[in-house]
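# Structural features, examined
One letter stands for each residue in the lines below.
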Amino acid sequence: HITHTTLISAYCRAGKLQEAFTLFEEFVRSGIMPNEITYSSLINGLCKAGKLLEARELLKEMQNMGFFPNHVTYTTLIDALFKSGKVQEALQLHDETVRRGLAFDTVIFSVLIDGLCKGGKLAKAREMFEKMPRLNAIPNHITYTILIDGHCKTGNIEEAWKLLDEMEKRGLKANVVTYNALINGLGKKGQIDEIVEIFNTMPKMGVIPSNVTYSIMIDTYCKKGNLQQAFALYDEMLQKQLIPNVVTFSALINGLRKNGKMLEAKDLFQKMLEKGLFPNSVIYTSLIDGFFKQGNMTAAFKLGEEMIEKGLMFDVVTYNVFINGLCNRGKINEGKELLSEMHRKGLAPDHVTYNTLIHGYCKAGNVNEAFELLDEMMRNGLMPNIVTYNTLIAGYCGLGSMDKAEELLNEMIKRGFSPD
RNA sequence: CAAGAACAAGUCUU
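First, a word on scope: everything that follows refers to the structure included in this document. (Residues numbered from 1 in each chain as written. Chains lettered and ligands numbered in written order. Predicted model: local features only at pLDDT ≥ 70, side-chain atom pairs only at ≥ 80, totals over all residues. Heavy atoms only, no water.)

A separate point is the side chain of Thr213. Position of Thr213 relative to the elements: it lies in helix H13 (residues 211-223). Side chain to side chain, Thr213 and Asn180 meet in a polar contact 2.7 Å long. Once residues lying within four places of it in the same chain are set aside, the contact partners of Thr213 are Val176, Asn180, Ile183, Phe199 and Met202. (Helix = DSSP H or I, 4+ residues; strand = E, 2+ residues; numbered from the N terminus. Polar contact = N/O pair within 3.5 Å; in protein donor to acceptor, adjacent residues only side chain to side chain. Contact = heavy atoms within 4.5 Å.)

For the rest of this paragraph, the subject is the packing of helix H21 (residues 351-363) against helix H23 (residues 386-399). One can describe the packing of H21 onto H23 by two numbers: an axis separation of 9 Å at closest approach and a directional angle of 5°. With respect to H23, the axis of H21 lies roughly parallel. Touching Asn355, Ile358, His359 and Cys362 of H21 are Val387, Thr388, Thr391, Leu392 and Gly395, all from H23. For the contact of H21 with H23, the class distribution of residues is 4 nonpolar, 5 polar and no charged. (Axes fitted to C-alpha atoms, helices over the stretch in contact; angles between N-to-C directions. Parallel < 35°, antiparallel > 145°, perpendicular 65-115°, else oblique. Nonpolar A, V, L, I, M, F, W, Y, C, P; charged D, E, K, R; others polar.)

Another aspect to go through is unusual backbone geometry. The backbone phi angle of Asn136 is positive, close to 60°, even though this residue is not glycine. Within the secondary structure layout, Asn136 lies in the loop between helix H8 (122-131) and helix H9 (141-153).

With that settled, the discussion passes to the pattern of salt bridges. For the structure shown, the criterion picks out 18 salt bridges. Residue Asp219 is joined to Lys188 by a salt bridge in which the shortest nitrogen-to-oxygen separation is 3.9 Å. In this pair, Asp219 is assigned in helix H13 and Lys188 in helix H11 (residues 176-188), connecting sequence segments 31 residues apart. A residue is classified by how much of its surface remains accessible, and Lys188, at 58% relative accessible area, is exposed. Here Asp289 ties to Arg257 by a salt bridge, and the two come within 2.9 Å at their closest N and O atoms. (Salt bridge = Lys/Arg side-chain N within 4 Å of Asp/Glu carboxyl O. Buried < 20%, exposed > 50% of the residue type's maximum accessible area, 1.4 Å probe, protein only.)

This brings us to the protein's contact with RNA strand B. What surrounds RNA strand B is a group of 69 residues, the closest being Asn70, Asn180, Ser250, Lys258 and Asn390. Each atom of RNA strand B within 4 Å of the protein was assigned to sugar, phosphate or base; sugar and phosphate come to 51%. In this structure, Ser41 approaches RNA strand B through a side-chain N or O atom, which is 3.2 Å from a sugar or linking oxygen. Measuring from a base nitrogen of RNA strand B, one finds a side-chain N or O atom of Thr318 at 3.2 Å. For the surface near RNA strand B, the class distribution of residues is 19 nonpolar, 33 polar and 17 charged. (Near = heavy atom within 4 Å.)

All right, on to the packing of helix H17 (residues 281-293) against helix H18 (residues 297-309) then. The N-to-C vectors of H17 and H18 enclose an angle of 165°; their axes lie 7 Å apart at closest approach. By the angle between their directions, the pair H17 and H18 is classed as roughly antiparallel. In this structure, H17 meets H18 at a crossing whose hand is left-handed. The residues of H18 that touch H17, namely those facing Ser281, Tyr284, Leu287, Ile288, Phe291 and Phe292, are Met297, Ala299, Ala300, Phe301, Leu303, Gly304, Glu306 and Met307. Of the residues contributing to the contact of H17 with H18, the split by class is 11 nonpolar, 2 polar and 1 charged. (Left-handed = near helix turned anticlockwise from the far one by under 90°.)

The structure is reproduced here in structure tokens:
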């Protein structure tokens, strides 16, 4: 049944879940027994397709059939839980594997460390990392890269360099992903000179910049407003036979439209489509925001319809952009209607959603409605963040209610925010 | 080399 499982896992990797399950059922019907690996492959396919519930059901099914999920099966599920933001559930499932006495290995630690880093628990991640040797799990280049990326994302580049040093001392080689994480961290801090230097030394270290490397560089130059250099890099990557993808284009398009070149942005989008690339909601949202900020509501809504025609879903950010566009043109109630639509669709609004609407109401002088939304936001488990406070304080100031503004200022300080 | 892990793009206040 190695052949059969190979086929099933190939379908799962290709995202053809339906085919994978059809094959699975056929094999079972013709008397070929699946094993742990067959189930793990299918569970992985479900996880990667975002069907976490079905994945967990399949885990139960395999147990009912008398199979024992192994550490790989659990790692797959734990990773998927982390990636969908369910940090607590992920950790619970990990506890379960510990209770069952399943093996620890480098991969499970890497998954845990990555999940903790991305969930904002860098200290815990670090703790995990430190206890690996005691449990006979040796960190490899991926484990290090995960931790380096985690530190870069919190802006602690110094610690990232230390880790790079440490991994090299242990005989592990940094690869293109490791360098990309560093370049990205430095780029987000605006350290152009530093990233150019890394970019130039990479080849000397035997590491060839990838299309991700170029996309990061391009994005950094775009955000600095240096479109010329960004496009020079785009040309360079073409010369090096690297294939720009949707992310590359979206960095460029975003750079263009934020620098007042909406027409060029739309043209480049067209060019991307002509190249046969399929647009996603990120790139549409960027263009829609650009049109709104130009005051061109018609074009913005037209792109929204185009998204729907292409079968693209509106995510939270897309909704936020529409709500913001509407609020800025004084159509706050229509914006609030979109919030209801999100609820109906089961799409969870985030801080930006509420902050946007709160800002809309404050600007209209309707502080009462703003506080209504603040209540709703908190009922939904979202505590006000620094932007919320800034918005409300500015709202009170605009009304001349300086005492109330000061009250809020004190509250935010009490809650541990430093006013900016 | 029959199953699992790492990097890039879009939105809010001042």
